[in-house]
Amino acid sequence: MSNPTTSTARPPAARRPTGRLARTAGAALIGLAAAAVAVGAGELVAAFSGPDGAPVVAVGSAAIDLTPTPLKEYAVRTFGTRDKEVLLGGIYLTVAALAALGGLLAVRRPAVGAAVFAAFGGVGTWAALSRPSAATADAAPSVVAGLAAAATVYLLARAWRRATAGPGPEEDGTAGPSRRAVLAAAGGTVAVAALGTTGGRALSDRRYDVAKARAAVRLPAPAVRAAPLPAAAHPRVPGLSPFATPTGDFYRVDTALTLPRIDPRRWSLRVHGLVDHPLLIGFDELLAMPLEELDSTLTCVSNEVGGRYASTTRWLGASLPALLRRAGVQRGADQLVGRSKDGMTIGTPLESVLDGRRALLAVAMDGEALPIPHGFPCRTVVPGFYGYTSATKWLVDLEVTTFAAFDPYWVKRGWDRTGTVRTASRIEVPAPFARVPAGDVTVAGTAWATHRGIAAVEVRVDGGGWEECLLAADAGPDLWRQWSHTWTGAKPGTHRIEVRATDTTGAVQTEARAAPFPAGATGWHSTVVTVT
Ligand SMILES: Nc1nc2c(c(=O)[nH]1)N[C@H]1C(S)=C(S)[C@@H](COP(=O)(O)O)O[C@H]1N2
Ligand SMILES: [Mo]
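Cut-offs and rules
- Residues numbered from 1 in each chain as written.
- Chains lettered and ligands numbered in written order.
- Predicted model: local features only at pLDDT ≥ 70, side-chain atom pairs only at ≥ 80, totals over all residues.
- Heavy atoms only, no water.
- UniProt positions renumbered as here; feature names shortened; annotations may be inferred.
- Helix = DSSP H or I, 4+ residues; strand = E, 2+ residues; numbered from the N terminus.
- Salt bridge = Lys/Arg side-chain N within 4 Å of Asp/Glu carboxyl O.
- Buried < 20%, exposed > 50% of the residue type's maximum accessible area, 1.4 Å probe, protein only.
- Patch = residues over 30% accessible without salt bridge, like charges linked within 9 Å, V, L, I, M, F, W, Y side chains within 5 Å.
- Areas by Shrake-Rupley, 256 points an atom, 1.4 Å probe, with all protein chains shown as cover.
- Contact = heavy atoms within 4.5 Å.

Going by an unreviewed UniProt entry, the chain carries the name Molybdopterin-dependent oxidoreductase and comes from Kitasatospora paranensis.

Pasting the structure below:
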């Protein structure tokens, strides 16, 4: 049974005119829906064309490379190892804001709005192709993302215009969709796009999963074993960092927004440039070389005075000098440039690599294949230099060249081209602003002058006389040295403890404060404590 009065469609004239705020919100939602489609479509395509081409990753990586050095320093200082999450968050917020504006434009001029979203796809395409390691396929995700977003915004904006056209019959005499229907369509689009994003990422993780390949690596027994670390290398002061850093606590610094995923079966290392015999080495070949253990401390040039960007581990790898001798280094060469899968370039003074020090093509740390964030399957380690001039992670290429011919990544951005580690020392115990009972106070910490070695550490209280600390056992010049000291007769009140180290050349750490840029921080570390 039907009731004629209720089965009749409501006449268009009965529609309420849309308020300004509702109009704006609707238009913004349409823009956001188009952006969500772009991200989802991009991730789905990237699952097939390769993860580096995903639009947000590509734009973020390009942003990292374009960021001026002071801003990058600020980010590393402020956000530490979370700098990439912060960057990604910033990109998502920017994209959302631009998308909302794009939506506002699109509801006025749908074709222009569509063109704007297509242009965003163009920016992503440019970013993806500008990566040093870019393949043509990396353009695909952003191209598809731009077109999908343009189509989405065009269709939704047109429907929204018809829905909000206000009272009165439609231009073509038919009733347009309701506002509610258009908003529901926009919301549904966001949901589908979110599914595409998670699905694309999951697929990508499966297709490019190297965790299994890493777990399958069988490390051969070392041909050269490191002597066991002397137990007395650690002063056994509670609260002092361990001598060997557990891998999970090993600091991490790099420009990689997403970790390079390298299947060792498809990995090879090219050795070329000013050499008599260019080489191409596969992973099995690398493992078949005599592997050496090397205990060494790695530090970052971005480490602030007293900072934590320094760690120590037992590396395992093939001898880098032996490999270079096999390749036959030609006269005139003075720089060894490592290139990573993600396009990082790191240049080390060749003379130092060949001066008799141990240096490795490392495949393992602390007895396990390199973790993916630390450079799986292979990285360089050259003691005595900051990571940015010695420790190429995800290494795929070694070029013997000259400093005159090539500036590596950070040198192009103004950093010192040599990157020799500066002498540093820090107080770890007592902790900053600790309250300690009066009397004898144990002070302890860590010092390093990698490859030169530490000869002495001194502390002083409230600017008084320097007192010689007790150095823990020496485990070798390529390692940091821990130390302890008893501050006798500490009296109640607030006190400042300062530390300085002397390296084996006799050079005393300078008091002059320098920022990490461009050659590493200098200055004495101090800590303020309250004696009760
Ligand atoms: N491919 C690549 N290798 C890299 C970097 C990078 O950004 N990309 N950063 C370097 C820097 S600045 C440092 S301090 C060390 C840090 O190594 P870790 O993360 O294993 O501690 O890696 C070096 N190797
Ligand atoms: Mo670094």
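Enquirer: So, the UniProt feature "transmembrane region" (unreviewed entry) in the chain: which residues are in play, and what are the values?
Expert: UniProt tags residues 21-41, 86-105, 112-129 and 135-157 as "transmembrane region" (unreviewed entry). Between the C-alpha atoms that bound residues 21-41 there is a distance of 30 Å. The span itself is 100% helix and 0% strand. With 100% helix and 0% strand, residues 112-129 has its two end C-alpha atoms placed 26 Å apart.

Enquirer: Explain the pattern of salt bridges to me, and be specific about the residues and the numbers.
Expert: Summed over the entire model, instances satisfying the criterion amount to 23 salt bridges. Arg-261 is the partner of Asp-205 in a salt bridge, and the nearest nitrogen-oxygen pair spans 3.0 Å. Of this pair, Asp-205 sits in helix H8 (residues 179-207) while Arg-261 sits in the loop between helix H9 (211-215) and strand E1 (268-273); the two residues are 56 residues apart in sequence, bridging distant segments of the chain. Look at Asp-205 and you get partly exposed, because its relative accessible area is 44%. For Arg-261, a relative accessible area of 25% corresponds to the partly exposed category. In the salt-bridge network here, residues are joined through shared partners; they are Asp-83, Lys-84, Arg-252, Asp-254 and Lys-393.

Enquirer: An account of a nonpolar patch on the surface is requested, with residue identities and associated values reported.
Expert: On the surface, Leu-71, Tyr-74, Phe-79 and Val-86 cluster together to form a nonpolar patch covering roughly 340 Å² of accessible area. Tallying contributions element by element places helix H4 (residues 69-79) first for the nonpolar patch, with 3 residues. Residue position: Leu-71 is located in helix H4. Note on Leu-71: relative accessible area 47%, which makes it partly exposed.

Enquirer: Can you break down the environment of Ile-281 residue by residue, with the values?
Expert: With respect to the helices and strands, the residue Ile-281 is situated in strand E2 (residues 279-282). Taking relative accessible area as the criterion, Ile-281 reaches 0% and is therefore assigned buried. The spatial distance from the C-alpha of Ile-281 to the C-alpha of Val-396 is 9.6 Å, given a sequence separation of 115 residues. When sequence neighbours within four positions are dropped, the list of residues in contact with Ile-281 reads Trp-267, Ser-268, Leu-269, Val-271, Leu-286, Met-289 and Leu-323.

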